[in-house]
Structures are given as C-alpha cells and as structure tokens.
Amino acid sequence: MKACRRTALIAMVLTVLALAAAGRAAASTVWELSVEGPIGPVTSAYVDEEITAADEAGVEAVILRLDTPGGLDQAMRGIVQRILAARTPVVAWVAPAGARAASAGTYILYASHVAAMAPATNLGAATPVRLGGGGATPSGDEGGSGDGDALHRKMVNDAVAYIRGLAELRGRNGDWAEKAVREGASLEAGAAREAGVVELLAGNRDELLATLDGRRVETAAGERTLHTRGATVVDRSPDWRTRLLAAIAHPNFAYILMLIGIYGLIFELANPGAVVPGVIGGIALLLALYALQVLPVSYAGLGLILLGVGLMLAEAFAPSFGILGLGGAVAFVAGSLMLFDTEAPGFRLSLALVVGVALGSAILLFATGTLAARAYRRPVVSGQQQLVGARGRVVSGFPGAGHVRVFGELWRADCDTPMTAGAPVRVVAVDGLRLHVEPADSTAESADSEDL
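Every chain begins its residue count from 1, and numbering advances along the sequence as written. Per-residue local features are limited, in this predicted model, to residues with pLDDT of at least 70; the limit for side-chain atom pairs, both in listing and counting, is 80 or more; totals at the level of whole chains, interfaces and linings are taken over all residues. Where side-chain values are given, they derive from all heavy atoms of the structure, hydrogens and water being excluded.

J.: I tried to follow unusual backbone geometry on my own but got confused; where do I start?
T.: Only a minority of non-glycine residues have a phi that is not negative, and only a minority of peptide bonds are not trans. Omega for the bond connecting Ala-95 with Pro-96 falls within 30 degrees of zero, at 0°, which places this linkage in the cis form. Along the chain, the position of Pro-96 falls in the loop between strand S3 (90-94) and strand S4 (100-102). Despite not being glycine, Ala-125 shows a phi value in the positive range, around 50°. Relative to the assigned elements, Ala-125 resides in the loop between strand S6 (122-124) and helix H5 (146-170). According to the relative accessible area criterion, Ala-125 is partly exposed, its value standing at 33%. Numbered from the N terminus, helices here are DSSP runs of H or I no shorter than four residues, and strands are runs of E no shorter than two. Only protein chains enter the accessibility calculation, which uses a 1.4 Å probe. A residue is then buried if its area is under 20% of the maximum for its type, exposed if over 50%, and partly exposed in between.

J.: Is there a simple way to explain the pairing of strand S13 (residues 400-406) in this structure?
T.: Every regular strand shows the same layout, with side chains that alternate between the two sheet faces. Two strands qualify as a pair provided DSSP detects at least 2 bridges between them. Pairing between strand S12 (residues 391-396) and S13: four bridges, direction antiparallel. Looking at S13, one finds that Ser-396 is bridged to His-403. The hairpin turn running from S12 into S13, its antiparallel successor, is three residues long, and Gly-397 in that turn takes a positive phi close to 105°. Where S13 folds back on strand S14 (residues 409-415), the antiparallel hairpin that results is connected by two residues, among which Phe-407 adopts a positive phi of roughly 55°.

J.: When you look at helix H8 (residues 205-212) in this model, what are you seeing that I'm missing?
T.: Think of an α-helix as turning once every 3.6 residues; residues three or four places apart then point the same way. Inspection of H8 places Leu-208, Leu-209 and Leu-212 among the buried residues, and these make up the whole buried set. Axial view of H8: buried residues confined to an arc of 95°, hence all on one face. The inward-facing, buried residues of H8 contact strand S1 (29-36), strand S2 (61-67), S3, strand S5 (114-117), strand S8 (200-201) and strand S11 (232-235). Backbone geometry just after H8 places Gly-214 at a positive phi near 90°. Of all possible arcs, the one meant is that of the directions from the helix axis to the C-beta atoms. We call two residues in contact when some of their heavy atoms are within 4.5 Å.

J.: I would appreciate a short explanation of the nonpolar core in the present structure.
T.: Side chains of nonpolar character tend, in soluble globular proteins, to be buried together. Membership of the largest hydrophobic core comes to 77 residues, with the highest contact counts inside it found for Leu-64, Ile-108, Leu-123, Tyr-255, Met-258, Phe-332 and Phe-340. Residue contributions to this core peak at seven residues, all from helix H10 (residues 251-270). Apart from residues lying up to four places away in sequence, Phe-332 is in contact with Tyr-255, Leu-259, Tyr-263, Leu-304, Ile-305, Gly-308, Val-309, Met-312, Val-357, Ala-358 and Ser-361. By size, the runner-up hydrophobic cluster in this structure holds 17 residues, among which are Val-30, Ile-63, Leu-208 and Leu-212. We call a set of buried residues a nonpolar core when its members are Ala, Val, Leu, Ile, Met, Phe, Trp, Tyr or Cys and they connect through side-chain atoms within 4.5 Å of each other.

J.: Help me understand the packing of H10 against helix H11 (residues 276-294), please; the structure alone is not making it clear to me.
T.: Helix-helix packing is characterised by the crossing angle of the two axes and by the distance between the axes. Whenever a helix is involved, its axis is fitted only over the stretch in contact; in every case the axis is a line through C-alpha atoms, and angles between N-to-C directions fall within 0 to 180 degrees. One can describe the packing of H10 onto H11 by two numbers: an axis separation of 7 Å at closest approach and a directional angle of 145°. H11 is crossed by H10, and the crossing has left-handed handedness. Where H10 approaches H11, its residues Ala-254, Leu-257, Met-258, Ile-260, Gly-261, Ile-262, Gly-264, Leu-265, Phe-267 and Glu-268 are matched on the opposing element by Val-276, Pro-277, Gly-278, Ile-280, Gly-281, Gly-282, Ala-284, Leu-285, Leu-287, Ala-288, Ala-291 and Leu-292. Gly falls in the polar group here, along with every residue not listed as nonpolar (Ala, Val, Leu, Ile, Met, Phe, Trp, Tyr, Cys, Pro) or charged (Asp, Glu, Lys, Arg). Considering only residue class, the contact of H10 with H11 consists of 16 nonpolar, five polar and one charged. Throughout, a crossing is termed right-handed when the near helix is turned clockwise from the far one, and left-handed when it is turned anticlockwise from it by less than a right angle.

J.: It is not clear to me how the pattern of salt bridges should be interpreted in this structure. Could you clarify?
T.: Side chains that carry opposite charge are capable of pairing whenever their charged atoms lie near each other. We count a salt bridge whenever a side-chain nitrogen from Lys or Arg sits within 4 Å of a carboxyl oxygen from Asp or Glu. In this structure the tally under the stated criterion is 16 salt bridges. The closest approach of N and O atoms between Asp-158 and Arg-77, which form a salt bridge, is 2.8 Å. Of this pair, Asp-158 sits in helix H5 while Arg-77 sits in helix H3 (residues 73-84), placing them 81 residues apart in sequence. With relative accessibility at 43%, the residue Asp-158 sits in the partly exposed group. Between Arg-164 and Asp-175 there is a salt bridge, and its shortest N-O distance comes to 2.5 Å. Linking Arg-164 in helix H5 with Asp-175 in helix H6 (residues 174-182), this pair joins segments that are 11 residues apart in sequence. A relative accessible area of 55% places Asp-175 in the exposed class.

J.: Where do I start with the sheet that holds S12 in this structure?
T.: Two strands in a sheet stick together by hydrogen bonds in their backbones, pointing the same way (parallel) or opposite ways (antiparallel). Spatial ordering of the closed barrel is given by S12-S13-S14-S16-S15, a layout of five strands whose pairing is mixed. When the angles between neighbouring strand axes are averaged without regard to direction, this sheet yields 55°. With seven bridges connecting them, S13 and S14 associate as antiparallel partners. Among the inter-strand pairings, Gly-400 is bridged to a residue of S14, identified as Cys-415.

J.: Honestly, the side chain of Thr-106 in this entry has me stumped. Any pointers?
T.: Structurally, the position occupied by Thr-106 is in helix H4 (residues 104-111). For Thr-106, a relative accessible area of 0% puts it in the buried group. Within the structure, Thr-106 has its side chain in polar contact with the backbone oxygen of Ala-101 (distance 2.8 Å). Ignoring sequence-local partners within four residues, the contact set of Thr-106 consists of Ala-101, Leu-123, Gly-124, Ala-126, Ile-163 and Trp-176. Under this definition, polar contacts are N or O atom pairs within 3.5 Å; protein pairs additionally need one hydrogen-donor-capable and one acceptor-capable atom, and for neighbouring residues in sequence, both atoms have to be side-chain atoms.

Structural data, given as structure tokens:
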C-alpha cells in the first residue's frame, strides 16, 4: 500500500513538473531582429534600442538574424558592446541559406552568447580596411608608403586583439578568428561548426529554437538557462522609419541628396520667387546633412565639390574658354571620390555615379550659360528700343505731323517727306510719345509688317 502511494506521489510530482515546464515554454517569448545589408550607425541604433527593450520586457532570448557584407567599424563596435552588456541572451544566426556574416558580421557573431548558422552560409573575411581610400593588405602591397603599412599593421593587430578577446569570452576558436583578420579567411557553415567557431547549425527558426532549449549561457545578469522549445517568436524587423534612415545614410543616396540641395538653392537664388527649387533643395540638403553627420566624411572632399560647382557656374558666365569648366569638373570628381572617408563594404561611393553626375552637371551648367548668353545678345523686344527700326504704315498726313500704325498701335509721327495713306514707313527715332519716321522701301518690308 505504501509502495502504491509512493509511486502515485512520484507520478504526481513528475506530472506537475512537466506541466510547469510546458507552461513555462509556452509562456516564453523570443524576439527576432533582422540585420541585412551594410552595418552603419542606423543599424547600430536599431540593435541597441531593440536589445534594451528586450531587457526591459524580460524576453527569453533575442535572435539576431544576420546577412551582411560588413560595415563601419564604429557601428560594429557599438553593436558588440551592447550585446556584451545585455541581460537577455543574444543568439546570432546567419540565415537564410545563402546569407553571410562577413567582416563586421564576424565580430558580432563572436560577441553573441550563442552563434548559429544555416546551411549554405558563410562567415569571415574580417580584415579591417583602411580609412581614407587606398586598398589595404596585410603585407601592404597596395598600401603605398611605409607609414601606411605601419598604420595598417596597427589596425590589424588591434582587430586581432579585439576578436581574440571575444573568442576567449565565448569559448570559441580564437586561432581561426585571428586568421580571418590577418588573412581574410572564410568558412562555410559546416566547417565553422567543426572548427568551433559556431555552436549550432539550424536551417529554420523552429529547428534553432529546439536546439537552443536547455542551453546555458552567461549574460551580464548572470547565468541563464534557455527555455525556447515552443516559444512564441515576435518579429522585430526594422520599421519603415529605420529602413528610410538607413537608405538616406547610404553614401550614394546621401551624395545625390547633397547635390539636389546645392543645385536647388543655386536655382532659387538665380530665380528668386521660384519657390519649388528652394523648397526641394532645402529639404534635400537637410536630409543630406543628417547622412553626412552619421557617415565618416572628408571635409576636404566636401570643399572640393563646392569649389567644382562654383567653377562650373563661373564658366557659364566668364569667357575662360573652358578652363574654369574643366577645372571645376576635375575638382568635382576628385572631391566626390574623397567625400566618404572609408572603404568599408557597402559604403563605397559608386564611381559610375560620380562620373555621370559630373558630366550631367557640366552639361547642365554649360547649357544654362549658353542660353543666358544668347538671351543677353538677343535684340530688345519691349520698350522704346523695340520701336527704333520698326516698320509701319501711314494713316494720315505727311509732310509735317501725321499718324502711323506700328505694331497695331496708332502713333503720332513727324516726317518731312510727302506720303499718302498706306505708304510704308520706318521709325528712326522716338521722342516721348511721338515718332520720327521716314519712307521705307516696300520691297524690303518684312512680311509681319503688312498689317501694321
């Protein structure tokens, strides 16, 4: 009898524990963030805000789904620092199939509490690139001067120490991490798992949650055991505002906005009261200033762009035989290439865009100048100056005072030559509201004066 009671009691306890575990799993919530494309300041702010919100909401874990070619060093370090300070476990998952976590993405993967990859994905190629242009290799083959080689070695050594520290913190392969930085090595998902670079392989989200369940991780708040099997997943992908700011902060888009702003204000100043160019240019310039604030910008490049635009404008009004225009185009292209002080993946300014905009700007400004010059040389078509040389016909008189019709209007006129009504005349002078005329050759009379 006692044995039966003991068995029933044990069964009851096991049932209660199972129900509690099932209820806890069912009640757990996992947030999924999405980092796609180049990693910049907007991406860093998005990840920071979401992990902070996850800490406050007390969610079970945050899945950081990665598919990135890399990005800016400062933005990457901001994300890494936020992950290291997170109380909520962060699971970096390179997915879907075909995705990658290259360059900055590799550092983020190493910093996360759990690293996972989907099949047919890869990571690595984490060699830092040189700021300010000029390619960089570990041996300095493309670096140029010895000072440049020394600078690159410092950058590489700093990056190696940084990623090795992350590897030791998370118990991952530090030797391969150093190889990824020094040699630009890459690994596909299966090899990364075998090399101890990542802990898990998961082709879909359900498989990832099932594999994570029961895993212990060390967070900023202490050790946590994950209960993710059957958890509710909340999609926390970037909203429209974050996507819009990310698009604006892309160098190509920021460059176009800046030029629209400059030309809009130029046309507004040249044509006061046009309103539309000024409004569009002002909005575009403010958006461009936001982008330039968050991107690494060379002020020398910005100055050369403004100088180039000024020289091309001067060419339209100064008889320099193309020297100002050519110099302006050269300064414009050089400044554009120097504008963004980085070679980070996904943040390079398109050379085709620069050349196209330079040619388009030069053609537009030359065309505008040509039209302005032609308008300046065109005969006056209004006022008293228009009347001198105009043709008309006699209405009454002459000799002495009479009346003539010029441009459909009746004028008082003086002429010493006798003429009958209908005879052609030509205006030789204007005295207030009185014309001085002379007989005109009827055979040379223009067709448009027949009905005057």
